[in-house]
Amino acid sequence: MSPRAAPRSARPGKQKPARGQPGRGFGLRARLGLVAGTLGLCSLALVGRAVDLQLVDNDFYRQQGDARFVREIPIPTSRGMITDRNGEPLAVSSPVESVWGNPQELLRNPDRLPQLAQALGVPLDQLTRKLGQRSDKEFVYLKRRINPDEAKAILALDIPGVSSQREFRRFYPQGEVLSQVLGFTNIDDRGQEGIELAFDDWLRGTPGVKKVIRDRRGRIVENVDLVRPAAPGHDLTLSIDRRIQYLTYRELKRALLETGASSASAVVLDIATGEVLAMANLPTFNPNAVDGSHRDAHRNRAVTDVVEPGSTMKPVTIAAGLAAGVVTPDTLIDTNPGWMPNGRYRTTDTSNHGVLTVTGVITKSSNVGAAKVANMLPDRAYYDFVRRFGYGSMPGSGFPGESAGVVPSPDSNSWFGTTKQTMSYGYGLSATPLQIAGVYAAFANGGRMIAPTFVKGQRNEARQVLDPAIAHEVMKMMQTVTEPGGTATTAAILGYHVAGKTGTARMAAGGGYASRKYISTFAGVVPVDNPRFAMAVVVSEPDPSRRGYYGGSVSGPVFHDVMQGALRLMDVPPDDIGSWLAAQQKQKATARVAVAAVPAAAAAAGAPLASADPPAPAGAAQ
């Protein structure tokens with residue numbers, strides 16, 4: 001058969017399987033199964049990976065997310081309040097706001113910077129430069145410690161990257177009256193001077209910490225966790241009495257204005273406890289607006305600055321002679337002719353007082369008399385006695401920067417043949433006003449010396465530095481200073497016995513002493529019979545043409561005015577009723593004479609005398 005005749009079915013080639021046979025459609029199902037299997041495996045892998053990321057190995061990605069949105073921010077805490085001994089606030093912390101920004105976010109929105117600069121009250125170029133210098137940071141303060149309303153107005157502008165946080169600012173209600181004692185805090189609310197510095201750890205407290213989630217603009221959207229709660233600072237009660245402090249400041253300022261002095265300091269101590277009731281210095285400053293100028297006014301001169309005590313040293317010299325038994329209050333001292341040799345120089349008095357008792361040496365403030373008493377004592381004995389009263393040692397008040405003063409030692413090169421003689425009347429050694437007040441408090445406290453303190457209720461141990469009988473004798477001698485014939489009658493207070501001593505010393509300058517510059521001092525105690533207060537007043541460089549330059553005329557009136565007010569405030573009973581009654585009788589007699597003189601003067605002038613009876617009604621019989 002010819003090949004052409006072969007049937008179609010016998011030709012070689014691909015043949016389609018019959019419908020229903022097993023091989024038909026296998027390729028489609030395989031492909032569908034393969035796709036489905038692949039998708040299933042991928043889904044399983046994604047689920048497994050998700051489980052791994054979310055549950056098994058999620059630390060890394062959680063840290064990455066937290067690094068972008070979770071922050072630990074401080075919880076500000078208020079500084080402890082400082083009060084006076086009666087609970088009156090002297091330093092308080094008030095809440096304020098600080099506006100901050102994210103430089104990276106702000107620089108991405110330069111069109112909003114002019115609006116922000118205007119709201120902050122700063123030049124645009126200054127703000128741009130500040131942000132550019134911190135372009136790699138996420139935080140910069142834009143304006144700190146401002147009124148919350150001002151911060152709210154800035155935030156209301158809704159500028160990306162701008163936020164605020166709560167802080168506290170120190171406020172001093174007494175202003176400049178107590179500025180050097182309290183000191184002040186810096187912009188981070190840390191103590192920089194005075195009590196604020198000395199008790200910074202006690203007052204500051206501990207800020208808290210919390211975790212928060214911030215959005216990209218820096219706003220807190222969720223509080224996550226409290227890491228550490230904030231612990232507020234502790235309150236502090238000072239020994240200062242706000243009322244006596246104001247009296248001291250007011251009278252010291254008046255004296256400065258009236259005498260033309262350059263500076264002044266005053267200290268008031270509670271004799272029984274050693275507590276500082278008042279401490280004022282001029283010039284002063286406003287602690288609510290501290291700036292870099294006039295830093296000299298920040299010093300608490302009563303604690304840090306030393307002066308030569310002048311004649312306020314004489315009671316110590318006389319006490320040394322009494323304790324050694326070389327003199328008694330009635331021992332006669334010949335001060336003729338009003339001067340005595342002192343090496344190349346002379347020790348002189350203001351006038352020739354002639355022969356004086358030891359009491360008279362104090363009353364008349366004789367330099368010659370004090371020098372002769374000191375010369376009766378061995379050098380070492382006199383030096384040790386002076387040091388016993390705390391001169392040359394730290395007072396121990398705990399106030400920052402307190403000075404020990406200088407007392408030359410007989411074993412040192414600064415001790416010369418004339419040193420003891422000049423020390424006897426307050427030259428050649430130095431002390432602070434606080435030390436001088438402490439010495440006079442010791443005389444009034446029966447010879448017991450107590451380290452001063454600024455904290456109410458703190459009791460420092462007393463040291464017996466002088467026999468009580470001798471301390472009493474010295475007090476009686478100093479009482480004559482404020483009585484007629486003494487050098488400080490301006491310090492006398494009606495109804496009270498006042499014991500004290502004036503001091504006038506030339507200011508050291510250029511290795512010697514200035515000819516027309518003086519330190520005028522008065523230190524005293526009141527009342528003598530039941531002592532309550534000791535006070536030292538030091539005025540530097542008074543103008544001699546005004547009220548003179550002696551301690552009695554310059555510093556004595558300050559003592560009188562402050563102590564008179566303090567005695568009334570504290571209800572201290574008078575110990576000199578006789579003089580008070582005599583003054584009252586004299587005042588009444590003067591008033592009667594004045595009343596009687598009025599009719600006589602009117603009659604002499606031809607004027608009708610006024611009747612003491614009320615006028616009769618019209619028509620009534622006379």
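Owing to the predicted nature of the structure, the values given are computational and were not obtained by experimental measurement.

A. Broad picture of the nonpolar core. In terms of nonpolar packing, the biggest core is built from 109 residues, with Phe443 and Met563 touching the most fellow members. For this core, the element with the most residues is helix α17 (residues 433-444), which contributes nine residues. Here Phe443 is in contact with Pro315, Val316, Ala319, Phe389, Leu466, Ala471, Val474, Met475 and Met478, once residues within four sequence places are set aside. One finds Leu106, Leu131, Val140 and Val162 within the second-largest nonpolar core, a separate group that totals 15 residues.

B. A look at the pattern of salt bridges. Counting across every chain of the model gives 27 salt bridges. Of the charged contacts, one joins Arg144 and Asp188 as a salt bridge, the two residues approaching to 3.0 Å between their closest N and O atoms. Remark: Asp188 occurs in the loop between α7 (179-182) and α8 (194-198) and Arg144 occurs in strand β4 (residues 140-146); sequence separation between them is 44 residues. The exposure class of Asp188 is partly exposed, given its relative accessible area of 47%.

C. Broad picture of the confidence of the model for the chain. Mean pLDDT for the chain: 86, with 86% of residues reaching 70 or above. The low-confidence segment residues 1-10, where pLDDT is below 50, has two contacts with residues more than four positions distant or belonging to other chains. Note on residues 607-622: pLDDT under 50 across the span, and five contacts to partners over four residues away in sequence or across chains.

D. Expanded view of the packing of aromatic side chains. According to the stated counting rule, one finds 12 aromatic pairs in the structure shown. Consider the rings of Tyr427 and Tyr513, whose centres lie 5.4 Å apart with planes at 85 degrees: the pair is edge-to-face. Of this pair, Tyr427 sits in the loop between α16 (419-423) and α17 while Tyr513 sits in strand β18 (residues 512-526), and the two are 86 residues apart along the sequence. Look at Tyr440 and Phe443: their rings are 6.1 Å apart centre to centre, the planes differ by 80 degrees, and that puts the pair in the edge-to-face class.

E. Examining the side chain of Thr419 more closely. Tracing the backbone through its elements, the reader meets Thr419 in helix α16. You can call Thr419 buried: its relative accessible area is 6%. Setting aside chain neighbours within four positions, we find Thr419 in contact with Pro408 and Ser414.

Each value, and the rule that gives it
- Residues numbered from 1 in each chain as written.
- Predicted model: local features only at pLDDT ≥ 70, side-chain atom pairs only at ≥ 80, totals over all residues.
- Heavy atoms only, no water.
- Core = buried A, V, L, I, M, F, W, Y, C linked by side-chain atoms within 4.5 Å.
- Buried < 20%, exposed > 50% of the residue type's maximum accessible area, 1.4 Å probe, protein only.
- Helix = DSSP H or I, 4+ residues; strand = E, 2+ residues; numbered from the N terminus.
- Contact = heavy atoms within 4.5 Å.
- Salt bridge = Lys/Arg side-chain N within 4 Å of Asp/Glu carboxyl O.
- pLDDT = per-residue confidence, 0-100.
- Phe/Tyr/Trp six-rings, centres within 6.5 Å; stacked < 30°, edge-to-face > 60°.

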